[in-house]
Amino acid sequence: LKGFGYESVNDFLTTNFKIFYIQNYQLALTFTGILGTIRTFSESYLGLDLLVLSVFVLLIIAETRTGMKVALKKKSQRIQSRKIGRMLLKIGVYIFILFMLYSFSSRMKNPIVLGLEINPFEWLYYVFFTGVIFQLIISYLENLASLGYNEAKGIIGIILRKYNKWFEFDGTKNADNE
């Protein structure tokens, strides 16, 4: 082992298997096991990498939090525990819909037409996920604009001018906007 730069067997073990030599290794192993379970679930049943799922949930939390700040600042409403429940329900509903669509898209035999496999559920999965992310980003930017971040107003304007002819992000569909 000295030829590889290790002082002793103990030096080799503590360097390579550090997790077993920290004080609370049971806590570290439990945390690692929980993260591994969540990762396996998110990839196997939702079709999402753990990082993508984490960012998705953080976007929902950020949108909810800025919405609560807007309600407190602009509308002088008190923050209620219902808003946190609504956020958790929103996360649950979105994840459940992603689970259903991914289950259908990955476990159904799809027809082959003209040599191409047709998978409408996979298409729905990506359209739904992209639409939800767009909606959350628009809502988050609107909340930031209401809180006084002028840069967010410019970004919202660009998005609405570009995509409002296909979608109704602001409640009005304008096909003449080009």
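Residues numbered from 1 in each chain as written. Predicted model: local features only at pLDDT ≥ 70, side-chain atom pairs only at ≥ 80, totals over all residues. Heavy atoms only, no water.

Colleague: Explanation requested: the overall build of the protein in the structure shown.
Modeller: Scanning the protein for helices and strands turns up six helices and two strands. Order of helices (α) and strands (β) in the protein, N terminus to C terminus: α-α-α-α-β-β-α-α. By sequence separation, contacts in the protein at least 24 residues apart represent 47% of the contacts at least 6 residues apart. (Helix = DSSP H or I, 4+ residues; strand = E, 2+ residues; numbered from the N terminus. Contact = heavy atoms within 4.5 Å.)

Colleague: Any chance you could explain the packing of helix H3 (residues 50-73) against helix H5 (residues 120-146) here in plain terms?
Modeller: Each pair of packed helices gets described by two things: the angle between the helix axes and the distance between those axes. One can describe the packing of H3 onto H5 by two numbers: an axis separation of 9 Å at closest approach and a directional angle of 35 degrees. The hand of the H3/H5 crossing is left-handed. Of the residues in H5, those touching H3 at Val52, Phe56, Leu59, Ile60, Ala62, Glu63, Thr66, Gly67 and Val70 are Phe129, Val132, Ile133, Leu136, Ile137, Ser139, Tyr140, Asn143, Leu144 and Ser146. Taken together, the residues that form the contact of H3 with H5 break down as 13 nonpolar, five polar and one charged. (Axes fitted to C-alpha atoms, helices over the stretch in contact; angles between N-to-C directions. Left-handed = near helix turned anticlockwise from the far one by under 90°. Nonpolar A, V, L, I, M, F, W, Y, C, P; charged D, E, K, R; others polar.)

Colleague: Please clarify how the packing of aromatic side chains should be interpreted in this entry.
Modeller: The geometry of two aromatic rings is summed up by the distance between their centres and the angle between their planes. In the structure shown here, the tally under the stated rule is 10 aromatic pairs. Relative to Tyr45, the ring of Phe41 lies with its centre 5.6 Å away and its plane at 35 degrees, an arrangement referred to as tilted. Here Phe41 pairs with Tyr45, and both are found in helix H2 (residues 25-45), just four residues apart, close to one helical turn. Judged by its relative accessible area of 38%, Tyr45 is partly exposed. Put simply, the rings of Phe41, Tyr45, Phe96 and Phe99 touch in pairs and so form one group of aromatic residues. (Phe/Tyr/Trp six-rings, centres within 6.5 Å; stacked < 30°, edge-to-face > 60°. Buried < 20%, exposed > 50% of the residue type's maximum accessible area, 1.4 Å probe, protein only.)

Colleague: Looking at this structure, I do not really get H3. What am I missing?
Modeller: It helps to recall that an α-helix has 3.6 residues per turn; residues three or four apart then point in one direction. Taking 1.5 Å of rise per residue, the 24 residues of H3 would be expected to cover 34 Å, and the 34 Å separating its terminal C-alpha atoms lies within 8% of that figure. If you check which residues of H3 are buried, you get Leu50, Leu53, Phe56, Leu59, Ile60, Glu63, Thr64, Thr66, Met68, Val70 and Ala71. (Expected span 1.5 Å × (residues − 1).)

Colleague: What is the right way to look at helix H6 (residues 150-163) in this model?
Modeller: The terminal C-alpha atoms of H6, which comprises 14 residues, lie 20 Å apart, in line with the 20 Å expected from a rise of 1.5 Å per residue. In the core, the buried residues of H6 are packed alongside H5.

Colleague: What is the right way to read the nonpolar core from this model?
Modeller: Across soluble globular proteins, you tend to see nonpolar side chains buried next to one another. By size, the foremost hydrophobic cluster in this structure holds 16 residues, and its most contacted members are Leu46, Leu48, Phe56, Ile60, Leu98 and Leu136. By residue number, the principal contributor to this core is helix H4 (residues 81-107), which donates six residues. Apart from the residues lying within four places of it in its own chain, the contact partners of Phe56 are Tyr94, Leu98, Phe129, Val132, Ile133 and Leu136. Counting eight residues, the second largest nonpolar core, distinct from the first, contains Ile138, Leu144, Ala145 and Ile159. (Core = buried A, V, L, I, M, F, W, Y, C linked by side-chain atoms within 4.5 Å.)

Colleague: What exactly am I supposed to notice about the side chain of Asn143 here?
Modeller: Locating Asn143 in the fold gives a position in helix H5. Those residues in contact with Asn143 that sit more than four places away from it in its chain are Glu63, Thr66, Gly67 and Val70.

Colleague: Just checking my understanding: could you explain the packing of H5 against H6 for this structure?
Modeller: It is the contact of H5 with H6, at a shortest axis distance of 8 Å, that shows an interaxial angle of 140 degrees. Note on packing geometry: the crossing formed by H5 with H6 is left-handed. For the pair formed by H5 and H6, the contact residues are Phe134, Ile138, Leu141, Glu142, Leu144 and Ala145 on the first element and Ala152, Lys153, Ile155, Ile156, Ile159 and Tyr163 on the second.

Colleague: What is the right way to read the side chain of Glu63 from this model?
Modeller: Inspection of the secondary structure assignment puts Glu63 in helix H3. Since its relative accessible area comes to 9%, Glu63 is described here as buried. Those residues in contact with Glu63, other than ones at most four positions away along the chain, are Lys90, Leu136, Ser139, Tyr140 and Asn143.

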